[in-house]
Amino acid sequence: MKTRRLFHVSALLCALSLSGAALALDAPKERPILAVSGKIAEKNAGDVARFDMKMIEALPQHTFTTATPWFDKPVKFTGPLLSDVLAAVKASGSTISAVAINDYKISIPAGDAAKYKVIVARQIDDKPIPVREKGPLFVVYPFDSSAELRTSTYYERSIWQLKALDIQ
């Protein structure tokens with residue numbers, strides 16, 4: 001009896017773990033706002049991983065307040081860590097080519113994501129970011145956490161109106 005119960009529990013756990021792996025990155029149900037391509041293992045649209053806003057919201061959310069060159073006073077940014085977005089697609093590259101809606105591109109070392117706790121902000125001061133105000137997604141470094149980050153190198157990597165990440 002115990003052996004049969006153990007077998008059923010083991011089979012159930014195995015089935016649950018397999019189904020979780022298969023559904024690790026569902027397809028977006030709303031309009032996609034971010035495409036991730038390149039060296040990624042999790043995809044949901046051909047060779048690309050697409051995210052809608054609900055998928056971005058479902059990732060663990062983080063918040064910091066920092067001064068930036070683009071706002072008159074410190075601003076509160078909320079969104080998933082860039083490292084969580086990269087983990088969701090099982091990224092394996094060392095460089096991220098980030099692309100904005102207007103096709104502005106910047107290279108971001110993948111190591112920056114964890115080292116500096118970079119956020120893919122979806123809110124500014126607890127409000128969604130409209131496209132005309134640098135949204136809907138904005139890659140932001142916590143500039144106030146280190147003097148090293150308050151340089152043009154990191155300001156340039158803080159790309160707003162983010163639409164795509166290509167991992168190389």
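Everything here concerns the structure above.
What you are looking at is a predicted structure, and each value in this text was computed from that prediction instead of being measured.

Here is what the cut-offs are and how they apply
- Sequence order as written defines the numbering, with residues in each chain counted from 1.
- In keeping with the predicted nature of the model, local features appear solely for residues at pLDDT of at least 70, side-chain atom pairs appear and are counted solely at 80 or more, and the whole-chain, interface and lining totals rest on all residues.
- Only hydrogens and water are removed before side-chain values are computed, so all heavy atoms of the structure are retained for them.
- Numbered from the N terminus, helices here are DSSP runs of H or I no shorter than four residues, and strands are runs of E no shorter than two.
- Among the buried residues, those of types Ala, Val, Leu, Ile, Met, Phe, Trp, Tyr and Cys that are joined through side-chain atoms within 4.5 Å form a nonpolar core.
- Buried, partly exposed and exposed residues are distinguished by accessible area as a fraction of the type maximum, computed with a 1.4 Å probe on protein chains only: under 20%, between the cut-offs, and over 50%, respectively.
- Only heavy atoms matter for contacts: two residues are in contact if any of them lie within 4.5 Å across the pair.
- Note on aromatic pairs: the rings of Phe, Tyr and Trp (six-membered ring only in Trp) are paired at centre separations within 6.5 Å, and the planes decide the class, stacked below 30 degrees, edge-to-face beyond 60, tilted for the rest.
- Over a ring means this: the NZ of a Lys or the CZ of an Arg is within 6 Å of the ring centre and within 35 degrees of the ring normal.
- In short, DSSP must find at least two bridges between two strands for them to pair.
- The term salt bridge refers to a pairing of a side-chain nitrogen on Lys or Arg with a carboxyl oxygen on Asp or Glu at a separation within 4 Å.

## Describing unusual backbone geometry
Peptide bonds are trans in most cases, and residues, glycine excluded, mostly fall at negative phi.
No. 1: Residues glycine 135 and proline 136 are joined by a peptide bond in cis, for which omega reads 5°.
No. 2: One non-glycine residue, lysine 117, adopts positive backbone phi at about 55°.
No. 3: Checked against the element boundaries, lysine 117 lands in the loop between α4 (110-116) and β7 (119-121).
No. 4: Phi at glutamine 161 takes a positive value of approximately 55°, unusual for a residue other than glycine.

## A word on the nonpolar core
No. 1: One finds Leu34, Val36, Phe51, Leu162 and Leu165 to be the most contacted residues of the largest nonpolar core, which totals 45 residues.
No. 2: Ignoring any residue separated from it by four or fewer positions in sequence, one finds leucine 162 in contact with Ile33, Leu34, Ala98, Val99, Ala100, Val120, Leu137 and Val139.

## Quick look at the environment of valine 120
No. 1: By the secondary structure assignment, valine 120 is in strand β7.
No. 2: Among the residues examined, valine 120 registers a relative accessible area of 0% and is labelled buried.
No. 3: The spacing of valine 120 and serine 83 is 37 residues in sequence and 9.3 Å in space, taken between C-alpha atoms.
No. 4: Not counting chain neighbours up to four residues away, the residues in contact with valine 120 comprise Thr78, Gly79, Pro80, Leu82, Val85, Leu137, Phe138 and Leu162.

## A look at the packing of aromatic side chains
No. 1: Overall, the coordinates contain 13 aromatic pairs when judged by the stated rule.
No. 2: Looking at lysine 134, its charged tip hangs above the ring of tryptophan 160, at a distance of 4.5 Å from the centre.

## Points about the sheet that holds strand β3 (residues 61-66)
No. 1: Reading across from one edge, β3-β4-β8-β9 is the order of the 4 strands in this open sheet, with antiparallel pairing throughout. Only two strands of the sheet have a single neighbouring strand rather than two, namely β3 and β9 (127-128).
No. 2: Sheet topology places β3 next to strand β4 (residues 75-80); 6 bridges connect them, and they run antiparallel. Of the residues in β4, the one forming a bridge with threonine 63 is threonine 78.

## Description of the pattern of salt bridges
No. 1: Tallied over the entire structure, the rule returns 6 salt bridges.
No. 2: The salt bridge partner of glutamate 57 is arginine 122, with a shortest N-O separation of 3.8 Å. Taken as a pair, glutamate 57 in helix α2 (residues 53-58) and arginine 122 in the loop between β7 and β8 (123-124) lie far apart in primary sequence, 65 residues in all.
No. 3: In this structure glutamate 57 comes out as partly exposed when scored by relative accessible area, which is 37%.
No. 4: Relative accessible area serves as the criterion here: at 14%, arginine 122 is assigned to the buried category.
No. 5: Between aspartate 126 and lysine 76 there is a salt bridge, with its nearest N and O atoms 2.9 Å apart. Residue aspartate 126 is located in the loop between β8 and β9, and its partner lysine 76 is located in strand β4; the two are separated by 50 residues in the primary sequence.

## Concerning the side chain of glutamine 161
No. 1: Inspection of the secondary structure assignment puts glutamine 161 in the loop between α5 (152-157) and β11 (162-167).
No. 2: Exposure remark for glutamine 161: the relative accessible area of 16% places this residue in the buried category.

That's the geometry; what it means functionally is another story.
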